[in-house]
Amino acid sequence: MTVELFAGASTGLALWVVAAFVVTFVVTRVVVRMIRAGRGPFRDTSVGDVHVHHHVYGIFLMLLSGAGEFVYRPGSPWVEVLAVVFGAGAALTLDEFALWLHLDDVYWAREGRKSVDAVLVAAAIGAFLVLGARPFDDTADEGRMAFAVTVLAHLVLAGIAIFKGKIASGLIGIVVPFVAVVAAVRLARPGSPWARARYDAARLARAETRFRRNRWDGVKDLLAGAPTEGRT
């Protein structure tokens, strides 16, 4: 059985989380796009005049799964069930990341693309964890000082990438150091704190040319639908 195949393995549990995360995100986006188009049986959920966003359900699912894991420490197959519940809750919550970031209903606005960014970053990190990436594992054959220096350098590079406006690369780089290295040494985004503090006019112009077109916009439109015109 599949449950038995992955039972007791951290990589196996990560696979359950990531699979539930991806499936839930895809299903959620299909449903909300049907609601937006007025097709199918689905409708927005409201309590009185309050629109209940689906990240509310996601938060409760993550709370329930976390409490179940910490309190009961179940074995297989219940630990896999909790992993699935957590992954589904994380997808529902991050799918509305832009709403709780901006404290505004920007789901279909251009700001709402931050939700897709968050989901893609989380899915990428999860995939690397499933493949066995363990950036902060402490091994017995390494000295404590060398391990601490390695982790510190790793976090500094990821921080530089984020400071350069490459948030996705910086976060993924926490799990995959090579990504952090590449993002840290390459040109910063023009609106980033790094560019504002360190770039002269010529280098700032280079950055603006480099980042004028976002290659992921087409992918985001495919996943999430085109943003509503008239909103930034």
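This structure is a prediction, so every number in the text was calculated from the model and none was measured.

**Here's the deal with unusual backbone geometry**
Inference 1: With an omega of 10°, the peptide bond between Ser76 and Pro77 qualifies as cis.
Inference 2: We note that Arg73 has phi near 45°; this positive angle belongs to a residue other than glycine.
Inference 3: Of note, Arg73 is situated in the loop between α3 (54-72) and α4 (78-94).
Inference 4: The phi torsion at Leu103 lies on the positive side, around 55°, for a residue other than glycine.
Inference 5: For Leu103, a relative accessible area of 77% translates into the label exposed.

**Describing a nonpolar patch on the surface**
Inference 1: Taken together, the side chains of Val22, Val26 and Val30 make up a nonpolar region of the molecular surface, amounting to roughly 220 Å² of accessible area.
Inference 2: Here Val26 is to be found in helix α2 (residues 10-37).

**Notes on the packing of aromatic side chains**
Inference 1: Applying the stated criterion across every chain yields a total of three aromatic pairs.
Inference 2: With a centroid separation of 4.9 Å and an interplanar angle of 85°, the aromatic rings of Tyr107 and Trp108 are classed as edge-to-face.
Inference 3: Between Phe163 and Trp194, the ring centres sit 6.2 Å apart and the planes meet at 80°, which makes this aromatic pair edge-to-face. With Phe163 in helix α7 (residues 144-163) and Trp194 in helix α10 (residues 193-198), this residue pair connects regions lying 31 residues apart in the sequence.
Inference 4: Above the ring of Trp108, the side-chain terminus of Arg36 is found at 4.1 Å from the ring centroid.
Inference 5: In this structure, Lys164 is placed above the aromatic ring of Trp194, and the distance from its NZ or CZ to the ring centre is 4.9 Å.

Calculation criteria
- Residues numbered from 1 in each chain as written.
- Predicted model: local features only at pLDDT ≥ 70, side-chain atom pairs only at ≥ 80, totals over all residues.
- Heavy atoms only, no water.
- Helix = DSSP H or I, 4+ residues; strand = E, 2+ residues; numbered from the N terminus.
- Buried < 20%, exposed > 50% of the residue type's maximum accessible area, 1.4 Å probe, protein only.
- Patch = residues over 30% accessible without salt bridge, like charges linked within 9 Å, V, L, I, M, F, W, Y side chains within 5 Å.
- Areas by Shrake-Rupley, 256 points an atom, 1.4 Å probe, with all protein chains shown as cover.
- Salt bridge = Lys/Arg side-chain N within 4 Å of Asp/Glu carboxyl O.
- Phe/Tyr/Trp six-rings, centres within 6.5 Å; stacked < 30°, edge-to-face > 60°.
- Lys NZ or Arg CZ within 6 Å of the ring centre and 35° of its normal.

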